[in-house]
Amino acid sequence: MIQRVSSCDGLLPMGHVVAKPTVSSQKPVAISQRRIGAFYLRSMHFRLSGVLRLIALVLAAFNFQPAAFPQRPPAQPDAAEILHKMQKLNVLGSVLYIVAHPDDENTRLITWLANGKKVRTGNLSLTRGDGGQNLIGPELGDALGIIRTQELLEARRIDGGEQFFTRAVDFGYSKSAAESFDKWGKQEVLSDVVRVIRTFRPDVIITRFPPTREAGHGHHEASAILAEEAFDLAGDPKAFPEQLEQGLEVWQPRRLFFNGSTWWKKDLADIAKNDPDWFSVDVGGYDPLLGVSYTELAGRSRSMHKSQGFGAAETRGESLEYLKFLKGDRPKTKNIFDGIDMTWGRVKSAPGIEQSISNLLIEYSPTDPSASTTHLALVSSLILESKRAVPNAGASRSWYDVKLGEVDRLYFGTIGLVPEALSSHAQYSGGDSIQLDVQVLSRVLQHPIVSAQLMSFHALMGTWVEQDSWKGPSTGVETPQLMGIGHVYRGPFWLERSHGTLYDVPVNLIGSPVTGPTNQVTLEIDDEVKGTSISARIAPMHKWVDRVDGERIRPVYVTPVASVIPKASNLIGRGGTQTIEVEVEALTDSLTGQLNITLPPGWSTTKDIKRVNITKRNERQRFTFQLMPGDKAAGGVASFEFVGPKGKADRTLHEIDYPHIMPQVYYTPAEVKLVPLDVKTTAKTIGYVKGAGDDVPQALEQLRVTVEMIDPATATAEGLRKYDAIVTGIRAYNANTGMRELHPLLMRYAEEGGTLVIQYNTSPRFFSGNSDFQIDPATLGPHPFTISRGRVTVEEAPPTFLAKDHPLLNTPNRITTADFDGWVQERGLYFADDIDPKYTPLIAWNDPGEDPLNGALITCDHGKGRFIYTGISFFRQLPAGVPGAYRLFANLISPRAVH
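Residues numbered from 1 in each chain as written. Predicted model: local features only at pLDDT ≥ 70, side-chain atom pairs only at ≥ 80, totals over all residues. Heavy atoms only, no water.

## Side note on the overall build of the chain
To keep things clear, this is the line we draw: Helix and strand definitions follow DSSP, with helices as H or I runs of at least four residues and strands as E runs of at least two, each counted in order from the N terminus. When a residue's accessible area, from a 1.4 Å probe over protein chains only, is under 20% of the maximum for its type it is buried; when over 50% it is exposed; and in between it is partly exposed. Contact definition: two residues touch when any of their heavy atoms are within 4.5 Å. Areas reported here follow the Shrake-Rupley algorithm with a probe of radius 1.4 Å; residue values treat only the protein chains shown as occluding.
For the chain, the count of helices and strands is 18 helices and 45 strands. Expressed as a percentage of its 899 residues, the buried residues of the chain come to 57%. Considering only residue pairs separated by 6 or more positions, the chain has 74% of its internal contacts joining residues 24 or more positions apart. A total accessible area of about 35800 Å² is found for the chain, and carbon and sulfur atoms account for 50% of it.

Dropping the structure here:
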C-alpha cells in the first residue's frame, strides 16, 4: 500500500488534499496527539468492511474555529473536466500576472494560460480594492475589500487561476506611483511582490500596465514598477535575505512581458506587426472538453466583479492579446514559452512519470473514471519517489508538491467522493456545543460499505468522550460529532489588527487571499483494493433550501455571545443632551448581563444600569443612552461593551451576503464617534433617492432632519412637494433604473421651489438607449454640463472659494477653509466640466502640480428653486464624522430664500 505522510500544520485552502498516515487496527484508537495551544487534537479511525478505512480527525478542542474565510466547496468535476485536469499533469510551467486591483486582471489571458496552455497561472493584486466604489450595496472601505477579495476568488474558480495579494491597502485613486509608494512604503510592498515570486516560482511574469504615467492610476503604474524591480531582485540572495532565513529560496523568472491593449492603443495591432519586441497570442480558442471557448469562460470570470459593474460578454472566435517583451531571455520564436522546458525533464524525476501520465490519458474512460485510480496511484508513487530523492527545498520539490496535490484531487474526482461536515446552524457562540453530521459518500466506487465504527466526540475544555459505534448505509458513512465551542472568533485575517495604508499580517500569511480552515474535519480514505491512501480537510458548512434559489450553502462561524449594535456611527453634538440608541442582539440563547458605556473626557451620562435579558438567539433588545457634553467636551468615541455570565462582547457583527460570493462575517468595534459641532440647518424633511449604496441618509439624521426614502416607481409631483430638499445617492443615474421616469419630476420639483442635490455619477463615454446612464447626461441639469473623470485625490488639498459670498457658502453656516480639515481619502471625483455660464462654480481644488478644477460643486437657480451637482465625496466624509462636511451639506439642503 502507498502511504504518504505530510504535516497538516500549514493553512491550506479548503478541499486541498494532504496525506496522512494509516493504521491497521479495526478498533477506535488514538494514532497521534499534537499540542494545539493548551489543548490536544487526537485522531481516530474506523474500518469500513475491510475496504475503505476513514479516519475522522476533528481539530476542535476548546478553541474550535472553522475557517475565517472558507472558499466555496469545490464542485464535483464531470468526466470531461477530469480528463482536462489530467492533461495538466504533464505540464510544468507557470505564469504570474501582476495588477494593482481586483478587476484589473485580463481574464482572457489568464483563462487561455490556465486552460489552453495548461500552465499554472497566478494573479497577484497589490490591493484588495477597498478604496473603490460599490455598485451593489452600501459596503465601502474594509467591507468592500472583503467583497472584492471574494469576487476574485470566484473569478479564479472559473478561469482556473490562483490568487495572491500584497499587504498594500487601496487608499483610493492615486495620480502617481510616487504618491502610492509614499503612502505604502515602497520597500514593504516590493518585499511582498518578491516573496510571492519566490513562493510561486513563475517562469514568466506579465504586467497589465506600463511603468509610466500612461498607466493612469498611480497604483497601476506602481504595480508595473514593482514587477520590473522584483523580476531582478527575486533571484538575488542579497535582496530581502530575511525571506531566505524563513525558508524561501531565490528564484529567477525567465522573462517579463507587458500585456498591452487595443483599448488604450488603437493601432497596437499595426505596431506589433513591425516591432520584434511585441508578441501576439490568440486566446479565443475552443476547448471541447470544457465545451466553451476561453473567451466565453473569461467573460464569466470577469462578470464576477459585480460590485464594480464589470459584467462582460462571452465572446467567440479569434481574440488577439499583445505581449511586449521587457526583460529576461528573449524567445527565439513567436512562442512566449520558447526555450522554457515545461516537461518533467526540468526536475529530477524518477523514470517513467511522464510516460505513466501519458498511459493514464490514453486509457482514461469517460464512462468509468474510477478505473483510473490504479494509474493515479502509480503516478503518485513515482512522484513521491522523486521527491524523496531531492533536498527539502528547491524548484523540483515545489513541482512535486503541486503535482501531488493535483493527483490527490483527481483521485477524489474519479471516485466521486463527497465528504461533508454539516451543521444545522450557521453560527455558534462561545460556550455552545455544535453537532456536526460528518458524511462521506462515494457515488462511483462500487465497494459496498456495510457498517462503520467511529468515535463521536465531545470536545469541551479539551475533554474527549467516546460514544457508541454507528452503522451506515451501503454507499457511505455518516455520524454526528458533538463538540464544545471556545470563545475565540475571527473575521478576515488582514483586518484582525488595526491598519493604515499597509495591512499588519503575520509573515506566513503575506500573499494569501484568505486563510484556510484553522480547525476542520479531516477524513482519511484508504482504498485497499487500489492500494492508495489519501486525506481531505473540510470546513463545517450549513446547508438549507430556499424556496426560490433552491439549495444554498454557507460556512459555519463562531461568534461572540452578543453583537452590540450602535444605531449611528456618529453623534453630532450641538449642545444640550444627546441620545444614542444601541441594540444588543443575542447570539446565544438565554443571554443575561448588562450593557456598559465608556465616554471620553468632558462627556457624562445617566447612572441607570442597562440590564440585558434576552431569551432566544437572534432576538434584540434596544437601549437609549443620554449623553451630556460639558463645556470642554472633546471629540472622541463612546465605546459599548456587553458583560454577562456567558462572556463579553464589544464588537458589532456584520454579515455580507450576495448570491455570487460565499456569505462573509466581519466585526467592527461597538463605538460611536462623538463630534462636538456648531452646525445649523433650516431644512426639516429631506427626500433621498437610493443610488449605488451609501450611508449618507443615516448621517443626515444627525443634523436632526427627517430623511425619507423616495421610490421612483411610486413618486408623484404632488408627493415630492413636502420635501425641503431632495438628494440623489451616488451613481443613482447609473444604478437606479427608475431615474429615467423620476428625473422630469425632480426637475419640476426644483422649478417649483425645491432644492435638488445630485451627488456624483459616472458618465458613459457615449450615450445610447442601451447605456447604464438612465437619461441623456446633457439633460442632467437645467443647463448643459458634462461629467468628467476629474478628481482631487489629496484630501489635504486647500480649497479656493470661487464665489465666497454665495448663500451656499454662508447660510446657515459660514464655510471657511477650516471646514476642510480632517477629510479622508479624497476631496472628490467625477467633477462637472464644460460648465454652462448659467451655473456658479463654488469651490476649486487641485492635486499638487495640476491645474485647478472648478467642477466639484456647481449650482444655479431653477425657477423658484435651486439645482446643485456635486462631486465632493460626502459619501465618505459624512460617515467618517468629518465636521466641515456636515456644515457644508447642511447648507446644501437648506431651502433657497426667494426675494
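That covers the picture; the talk isn't over yet.
## Notes on helix α3 (residues 142-159)
Here is the rule we go by: An expected span of 1.5 Å times one less than the residue number is assigned to each helix.
Look at α3: 26 Å from first C-alpha to last across 18 residues, which is about the 26 Å you get at 1.5 Å a residue. Within α3, 15 of the 18 residues are buried, which leaves it mostly tucked inside the rest of the structure. Positive phi appears at glycine 160, one or two residues downstream of α3, with a value of about 90 degrees.

## Description of helix α5 (residues 186-200)
With 15 residues, α5 should cover 21 Å at 1.5 Å per step; its first-to-last C-alpha distance of 21 Å lies within 8% of that length. Most of α5 is tucked away, with 11 of its 15 residues classed as buried. Turning to α5, its buried residues are Val189, Leu190, Ser191, Asp192, Val193, Val194, Arg195, Val196, Ile197, Arg198 and Phe200. Note on α5: the residue one or two positions beyond its end, arginine 201, has a positive phi of about 60 degrees.

## Overview of unusual backbone geometry
Residue threonine 811 is joined to proline 812 through a cis peptide bond whose omega torsion reads -5 degrees. Tracing the chain through its elements places proline 812 in the loop between β40 (800-801) and β41 (832-833). A positive phi angle, near 85 degrees, is found at aspartate 103, a position not held by glycine. Given a relative accessible area of 9%, aspartate 103 falls into the buried group. Positioned with a positive phi, serine 590 is a non-glycine residue whose angle comes to about 55 degrees. Examined against the element boundaries, serine 590 turns out to sit in the loop between β25 (578-586) and β26 (591-598).

## Details of the environment of glutamate 214
The residue glutamate 214 is located in the loop between β8 (204-207) and α6 (218-233) in this model. Given a relative accessible area of 64%, glutamate 214 falls into the exposed group. With 50 residues separating them along the chain, glutamate 214 and tryptophan 264 place their C-alpha atoms 9.2 Å apart.

## Focus: the nonpolar core
What counts here: Here, the term nonpolar core denotes a set of buried Ala, Val, Leu, Ile, Met, Phe, Trp, Tyr and Cys residues that are joined through side-chain atoms within 4.5 Å.
Core analysis: the largest hydrophobic core is formed by 74 residues, its most contacted members being Leu700 and Tyr869. One finds Phe164, Val189, Leu190 and Val194 within the second-largest nonpolar core, a separate group that totals 30 residues.

## Here's the deal with the environment of phenylalanine 181
Its location among the elements puts phenylalanine 181 in helix α4 (residues 177-184). Sequence separation between phenylalanine 181 and glycine 218 is 37 residues; the distance between their C-alpha atoms is 9.2 Å.

## A word on the packing of aromatic side chains
Put simply, the test is: Within 6.5 Å between ring centres, the rings of Phe, Tyr and Trp (the latter by its six-membered ring) count as paired, and their orientation is classed by plane angle as stacked under 30 degrees, edge-to-face over 60, tilted in between.
According to the stated counting rule, one finds 19 aromatic pairs in the structure shown. Ring geometry for tyrosine 760 versus phenylalanine 875: centroids 5.7 Å apart, planes at 45 degrees, classification tilted. Here tyrosine 760, found in the loop between β38 (755-759) and β39 (786-787), pairs with phenylalanine 875, found in helix α17 (residues 874-877); they are 115 residues apart in sequence, far enough to count as distant. Both residues of the pair, tyrosine 760 and phenylalanine 875, belong to the buried class. With centroids separated by 4.8 Å and ring planes inclined at 80 degrees, the aromatic side chains of phenylalanine 874 and phenylalanine 889 adopt a geometry described as edge-to-face. One end of the pair, phenylalanine 874, is in helix α17; the other, phenylalanine 889, is in helix α18 (residues 883-892), with 15 residues separating them in the sequence.

## Focus on the pattern of salt bridges
For clarity, the threshold we go by: The working definition used for a salt bridge is a side-chain nitrogen of Lys or Arg within 4 Å of a carboxyl oxygen of Asp or Glu.
Per the stated rule, a full pass over the model turns up 42 salt bridges. For aspartate 329, the salt bridge is made with arginine 255, and the minimal N-O distance between the two is 2.9 Å. Here aspartate 329, found in the loop between β13 (320-328) and α10 (353-363), pairs with arginine 255, found in strand β9 (residues 255-260); they are 74 residues apart in sequence, far enough to count as distant. Salt bridges sharing partners connect three or more residues here, namely Lys567, Glu581, Glu583, Glu585, Arg620 and Arg622.

## Focus on the sheet that holds strand β29 (residues 620-629)
Basically, it comes down to this: Only when DSSP finds a minimum of two bridges between them are two strands counted as paired. Fitted lines through C-alpha atoms serve as axes, helices being fitted only where they are in contact, and the angles separating the N-to-C directions of these axes extend from 0 to 180 degrees.
If you walk across this open sheet you meet the 4 strands as β23-β25-β29-β27, and the pairing is antiparallel. Both outer strands of the open sheet, β23 (562-566) and β27 (603-605), are each paired with one neighbouring strand and no more. Strand-to-strand, the axes of this sheet are offset by a mean angle of 30 degrees, without reference to chain direction. Note: β23 against β25, 5 bridges, orientation antiparallel. If you follow proline 566 over to β25, its bridge partner there is valine 582.

## Thoughts on the sheet that holds strand β44 (residues 857-862)
Taken in spatial order, the 7 strands make up an open sheet running β36-β35-β37-β38-β45-β44-β42, and their pairing is mixed. The sheet is open, and its two borders are formed by β36 (706-710) and β42 (840-841), each paired with just one other strand.

## Here we look at the environment of glycine 573
The topology assignment puts glycine 573 in strand β24 (residues 570-573). When its relative accessible area of 6% is taken as the criterion, glycine 573 is described as buried. Distance in space between the C-alpha atoms of glycine 573 and glutamine 702 is 8.8 Å, their sequence separation being 129 residues. In contact with glycine 573, not counting residues within four places along its chain, are Gln578, Val675, Pro676 and Leu677.

## A closer look at the packing of helix α1 (residues 79-87) against α10
Formally: Under this scheme an angle from 65 to 115 degrees is roughly perpendicular, one under 35 degrees roughly parallel, and one over 145 degrees roughly antiparallel; angles in between are oblique. Working rule for handedness: look at the near helix, and if it is turned counterclockwise from the far one by less than a right angle, call the crossing left-handed; if clockwise, right-handed. When residues are sorted by character, Ala, Val, Leu, Ile, Met, Phe, Trp, Tyr, Cys and Pro go into the nonpolar class, Asp, Glu, Lys and Arg into the charged class, and all the rest, Gly among them, into the polar class.
Where α1 meets α10, the axes come as close as 10 Å, and the angle between the chain directions of the two elements is 160 degrees. One finds that α1 runs roughly antiparallel with respect to α10. Pair α1 / α10 crosses with left-handed handedness. Two secondary-structure elements touch here, α1 through Leu83, Met86 and Gln87 and α10 through Ile357, Leu360 and Leu361. Classifying every residue of the contact of α1 with α10 by side-chain character gives 5 nonpolar, 1 polar and no charged.

## Regarding the confidence of the model for the chain
To be explicit about the condition: For every residue, the predictor assigns a confidence score, pLDDT, that lies between 0 and 100.
For the chain, mean pLDDT is 84; residues scoring 70 or higher make up 83% of the total. Ignoring residues within four places in sequence, the model shows residues 447-482, a span with pLDDT below 50, making 114 contacts including any to other chains. Confidence over residues 765-770 falls short of pLDDT 50; this stretch has 7 contacts with residues more than four positions distant or in other chains.

## Some words on the pairing of β38
β38 sits mainly inside the fold: 5 of its 5 residues count as buried. Residues Thr755, Val757 and Gln759 point to one face of β38 and Leu756 and Ile758 to the other, with burial holding for every one of them. With 4 bridges joining them, strand β37 (residues 725-728) and β38 adopt parallel strand pairing. Paired with isoleucine 726 across the strands is leucine 756, a residue of β38. Where β38 meets strand β45 (residues 865-870), 5 bridges bridge the pair, whose relative direction is parallel. If you follow isoleucine 758 over to β45, its bridge partner there is tyrosine 869.

## Overview of the side chain of glutamate 296
Relative to the helices and strands, glutamate 296 is located in helix α9 (residues 294-302). Not counting the four nearest positions on each side in its chain, glutamate 296 is found in contact with Glu314, Thr315 and Arg316.

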